[in-house]
Each structure stands twice: as structure tokens, then as C-alpha cells.
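Structural overview for review
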Amino acid sequence: MNRIIACLGLSLLASFTCANSVAAETALPVIQLQAGMHLIKAEVASTAAQREKGLMHRSKMGQNEGMLFVFDGPVGLCMWMKNTNIPLSVAFIDDDGHIVNIEDMAPLTEQNHCASKMLRYALEMNRGWFKQRHVNPGSKIVGLP
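What this report covers is the structure whose coordinates are included nearby. On a predicted model such as this, the values are computed, not experimentally measured, just so you know. (Residues numbered from 1 in each chain as written. Predicted model: local features only at pLDDT ≥ 70, side-chain atom pairs only at ≥ 80, totals over all residues. Heavy atoms only, no water.)

With that out of the way, let us pick up the overall build of the protein chain. Helices and strands together make up the secondary structure of the protein chain, namely three helices and nine strands. In the protein chain, the order of α-helices and β-strands from amino to carboxyl end is α-β-β-α-β-β-β-β-β-β-α-β. Counting the 145 residues in the protein chain, one finds 35% classified as buried. Contacts in the protein chain between residues at least 24 apart in sequence constitute 68% of all its contacts with a sequence separation of at least 6. (Helix = DSSP H or I, 4+ residues; strand = E, 2+ residues; numbered from the N terminus. Buried < 20%, exposed > 50% of the residue type's maximum accessible area, 1.4 Å probe, protein only. Contact = heavy atoms within 4.5 Å.)

This is the structure we're talking about:
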């Protein structure tokens, strides 16, 4: 009986460890950014697969949380909201951290929202976050990788 319990315990431990390692593999790194006096907890999507998934299928995001999309170099950036349930605003940011333009995006649409020039960063936040905090084009985002 003790042997059965021990084997069951090891099996559960192995399953738990395996599940945790899968979760750790899919979790995105988180960095702290700053827009003026406002702190942002941003998940970083830096691979093609991470950027493609983005914030799809999520039902909510914290008030000062967002997702930073990082590309290898300046590219023509366009974002869309396919399978994204949360209304978002996206700030397109240059290498110096200055916001070039901000676009509001409606959930579950495939309409493109594009940067006005080639850039390396896009930061998605809850819709209206930038406007409510008077973070506008020209404002600087500090802490970019």
C-alpha cells in the first residue's frame, strides 16, 4: 500500500513538474517601462511566434499592464486584433523611445493599424491608457530593451 502511494505521489510530482516547465516555457518575460511618472508592467513578445500570438484570447489585462512587441530592426509595423478580446491602444515607438503615433483598436477585427514610419517597437495597452495619462506622440518610453 505504501508503495502504491509512493508511486502515485511520484507520478503526481512528475506531472506537476512537467506542467510547470511547460508554463515556464510559454510565459513571456516581463519588464518595467516608464512613461513620464507612469510605470508599466510589460510582457515582451520578441519572437515571431510570440508576436503573432500577442494578446489573443485573453479576457482582461491589468490597469498598468501591457505587451511590448520587439522587432530585430526597424520594420513597417502594422497591428491587428484578430482573436483579441480586449479593446487596446497601440503606441508605435522609435529606437530612442519616443512615441511616433498611437492608434486605438477595436476587439476581434482584422483592420490594420500601422506605424507612420519604420520602427522597432509597439506597445499595446488597454484602450485609452495613453490618452487618460496624457502620453502622446513625442512622449518618451523609458526602459526599452
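That was the structure; now back to the text.
Taken as a whole, this structure holds one aromatic pair when the rule is applied. With centroids separated by 5.3 Å and ring planes inclined at 85 degrees, the aromatic side chains of Trp129 and Phe130 adopt a geometry described as edge-to-face. Here the two residues Trp129 and Phe130 agree in accessibility, since each one is buried. (Phe/Tyr/Trp six-rings, centres within 6.5 Å; stacked < 30°, edge-to-face > 60°.)

With that settled, the discussion passes to the state of the cysteines. Following the criterion strictly, the structure yields one disulfide and no others. Two residues share a disulfide in this structure: Cys78 and Cys114, whose sulfurs sit 1.9 Å from each other. The sign of the S-S torsion, about 105 degrees, decides the handedness of the disulfide formed by Cys78 and Cys114: right-handed. With Cys78 in strand β4 (residues 78–79) and Cys114 in strand β7 (residues 113–114), this residue pair connects regions lying 36 residues apart in the sequence. (Disulfide = S-S within 2.5 Å.)

Taken as a whole, this structure holds two salt bridges when the rule is applied. Where Arg58 meets Glu43, a salt bridge forms, and the shortest distance between an N and an O atom there is 2.5 Å. Note that Arg58 is positioned in the loop between α2 (48–53) and β3 (65–75) and Glu43 in strand β2 (residues 38–45), a separation of 15 residues in sequence. (Salt bridge = Lys/Arg side-chain N within 4 Å of Asp/Glu carboxyl O.)

A separate point is the sheet that holds strand β8 (residues 119–126). One key point about sheets: their strands pair by backbone hydrogen bonds, in either a parallel or an antiparallel sense. The seven strands are arranged β6-β5-β8-β3-β2-β1-β9 in an open sheet whose pairing can be described as mixed. Only two strands of the sheet have a single partner each, and these edge strands are β6 (99–105) and β9 (141–142). The sheet contact formed by strand β5 (residues 88–93) and β6 spans six bridges and is antiparallel. Paired with Ile93 across the bridge in β6 is Ile99. (Pairing = 2+ DSSP bridges.)

On to unusual backbone geometry, then. Backbone geometry places His57, a non-glycine residue, at a positive phi of 70 degrees. Assignment of secondary structure puts His57 in the loop between α2 and β3. Accessibility expressed as a relative area gives 56% for His57, which makes it exposed.

Mapped onto the fold, Arg133 is located in the loop between α3 (129–132) and β9. The exposure class of Arg133 is buried, given its relative accessible area of 15%. Arg133 has contacts with His38, Gln63 and Asn64, leaving out every residue within four places of it along the chain. Within polar-contact distance, the side chain of Arg133 engages the side chain of Gln132 at 3.4 Å. (Polar contact = N/O pair within 3.5 Å; in protein donor to acceptor, adjacent residues only side chain to side chain.)

Our focus in this paragraph is the pairing of β3. Direction of pairing for β2 relative to β3: parallel, over a ladder of five bridges. Within the sheet, the bridge partner assigned to Glu43 lies in β3 and is Met67.

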